[in-house]
Amino acid sequence: MPGILLGDVFPNFEADTTIGKIKFHDFLGDSWGILFSHPRDFTPVCTTELACAAKISNEFKKRNVKMIALSIDSVEDHKGWSKDVMAFNSDGESPLPFPIIADDKRQLSVQLGMLDPDERDKDGMPLTARCVFVVGPDKKLKLSILYPATTGRNFDELLRVIDSLQLTAQKKVATPVDWKPGDEVMVIPSLSDAEAASLFTNGVTTKELPSGKKYLRYTKV
Ligand code: BEZ
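Residues numbered from 1 in each chain as written. Predicted model: local features only at pLDDT ≥ 70, side-chain atom pairs only at ≥ 80, totals over all residues. Heavy atoms only, no water.

What counts here: UniProt positions are given in the numbering used here, feature names are shortened, and annotations may be inferred rather than shown by experiment.
The name an unreviewed UniProt entry assigns to the protein chain is Peroxiredoxin-6, from the organism Acanthochromis polyacanthus. Reading the Sequence similarities (unreviewed entry) entry of the UniProt record for the protein chain gives the comment "Belongs to the peroxiredoxin family. Prx6 subfamily." Its UniProt record, at the heading Function (unreviewed entry), says of the protein chain: "Thiol-specific peroxidase that catalyzes the reduction of hydrogen peroxide and organic hydroperoxides to water and alcohols, respectively."

## Things to note about the overall build of the protein chain
Inclusion rule: Numbering goes from the N terminus for both helices and strands, where a helix is a DSSP run of H or I of at least four residues and a strand is a run of E of at least two. Residues are treated as being in contact if the distance between any of their heavy atoms lies within 4.5 Å. Using the Shrake-Rupley algorithm and a 1.4 Å probe, accessible areas are obtained, with residue cover drawn only from the displayed protein chains. By the counting scheme adopted, Arg and Lys are positive, Glu and Asp are negative, and His together with the chain ends is not counted. For the purpose of locating charges, the reference atoms are NZ of Lys, CZ of Arg, CG of Asp and CD of Glu.
Scanning the protein chain from terminus to terminus reveals 7 helices and 13 strands. Principal-axis analysis of the C-alpha atoms gives the protein chain an extent of 60 × 40 × 35 Å. Taking contacts inside the protein chain between residues at least 6 apart in sequence as the whole, the part at least 24 apart equals 61%. Counting every atom, the protein chain has about 11,800 Å² of accessible surface; 52% of that belongs to carbon and sulfur. Charged side chains of the protein chain number 28 positive and 31 negative; the gap between the two group centres comes to 5 Å.

## Quick notes on the nonpolar core
Note the threshold: Working definition of a nonpolar core: buried Ala, Val, Leu, Ile, Met, Phe, Trp, Tyr and Cys residues. They are joined through side-chain atoms within 4.5 Å. Think of it in three bands: with a 1.4 Å probe and only protein chains considered, a residue is buried below 20% of the maximum accessible area for its type, exposed above 50%, and partly exposed in between.
One finds Ile34, Phe36, Leu50, Phe60, Leu96, Phe98 and Val134 to be the most contacted residues of the largest nonpolar core, which totals 28 residues. Among the secondary structure elements, those contributing two or more residues to this core are β3 (32-38), α2 (44-55), β4 (65-71), α4 (75-88), β8 (130-135) and α6 (155-170). Considering each element in turn, this core owes the most residues, 6 residues, to α6. Once residues within four sequence positions are removed from consideration, Phe60 is found in contact with Ile34, Val65, Met67, Phe155, Leu158, Leu159 and Ile162. Of all hydrophobic cores here, the second largest spans 20 residues; its members include Phe10, Leu35, Leu112 and Ala129.

## Some points on the UniProt feature "active site" (unreviewed entry) in the protein chain
Here, the residues flagged by UniProt with the feature "active site" (unreviewed entry) are Cys46. Structurally, Cys46 can be placed in helix α2. Setting aside residues up to four positions removed in sequence, Cys46 forms contacts with His38, Pro39, Arg40, Trp81 and Arg130.

## Description of the pattern of salt bridges
The line we're drawing: In what follows, salt bridge is the name for a side-chain nitrogen of Lys or Arg lying within 4 Å of a carboxyl oxygen of Asp or Glu.
For the coordinates displayed, the defined rule picks out 15 salt bridges. In this structure, Lys122 engages Asp123 in a salt bridge whose closest nitrogen and oxygen atoms are separated by 4.0 Å. Note on accessibility: Lys122 and Asp123 belong to one class, exposed. Among the ionic pairs, Lys180 bridges to Asp183, the shortest N-O distance being 3.5 Å. Overall, Lys180 belongs to the partly exposed group, its relative accessible area being 47%. Judged by its relative accessible area of 31%, Asp183 falls in the partly exposed class. Through salt bridges with shared partners, one network takes in Arg40, Asp73, Arg106 and Asp121.

## Topic: the sheet that holds strand β2 (residues 20-23)
Let me state the cut-off plainly: Paired strands, in this sense, are two strands between which DSSP finds at least two bridges. Axis definition: a line fitted to C-alpha atoms, limited for helices to the stretch in contact. Angles are taken between N-to-C directions and run from 0 to 180 degrees.
Overall, mixed pairing links the 7 strands, which are arranged β2-β1-β5-β4-β3-β8-β9 in an open sheet. This sheet does not close on itself; its edge strands, each paired only once, are β2 and β9 (141-147). Between one strand axis and the next, the sheet turns through 30° on average, direction left out of account. Across 6 bridges, the pairing between β8 and β9 is antiparallel. Residue pairing in the sheet places Cys131 in a bridge with Leu146 of β9. With respect to the sheet, α4 is in contact with β1 (14-17), β3, β4 and β5 (100-102), its orientation differing from that of β5 by roughly 150°.

## Observations regarding the site of the ligand
The condition that has to hold: The cutoff for a nearby residue is simple: one of its non-hydrogen atoms must lie within 4 Å of the molecule or strand. Pairing of N or O atoms within 3.5 Å defines a polar contact, subject to two protein rules: one partner must be a possible hydrogen donor and the other a possible acceptor, and residues neighboring in sequence count only if both atoms are side-chain atoms. We call Asp, Glu, Lys and Arg charged. Ala, Val, Leu, Ile, Met, Phe, Trp, Tyr, Cys and Pro are nonpolar, and the rest, Gly among them, are polar.
In the region of the ligand, the neighbouring residues are Pro39, Thr43, Pro44, Val45, Cys46, Glu119, Arg130 and Ala149. Take Thr43: an N or O atom from its side chain is 3.0 Å from an oxygen atom of the ligand. A distance of 3.3 Å separates an oxygen atom of the ligand from a polar atom in the backbone of Pro44. Surface burial for the ligand is 83%, taken as the share of its 260 Å² of free accessible area covered by protein chains. Considering only residue class, the shell around the ligand consists of 5 nonpolar, 1 polar and 2 charged.

See below:
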């Protein structure tokens, strides 16, 4: 089964893109990376997604995350589509602020397990699903998300998970449901109370539960 699992080193693939040929690891350098795939160029949902990604690209930059999209069309198609995307944003004079990989032979889509067998083009060929891969500066996969072609993603949620990934890469905490930067975080279960008390000088509060087990431990970072 092709695909890539959390913690795997992301393949250092070579690809043609709208900024020329790249080797993925060189493209990332020391940054985090986000690769998001699209079923096809010149399609409606994909256009709204790329337009949203372009609008908030500065937010990814602030977080030191390099963006790259992928679709199973050619560089030439991608360049034409990019103009539509920026025009959709009423910003037709600006270039798309990130490259798009041309996977017109579907090699990368197969390698990364991104094809959706239920979604096919007019020739019966499978299209790419809406995958998201977040890669850390160590080139390892930190997060993957897989949506079908018919459901557009939420790019604000992608920023939120990147904030969580970057925080939890640094500190021994986990982020609870709907967490946003600035909210309280949770002490990870593998830390003893003594370790937590010495690590989190802002204090740790524990919520009482019917089980009597003291596993809901909150702190501020
Ligand atoms: C779209 O981007 O709108 C789309 C692409 C393929 C299948 C369904 C929707």
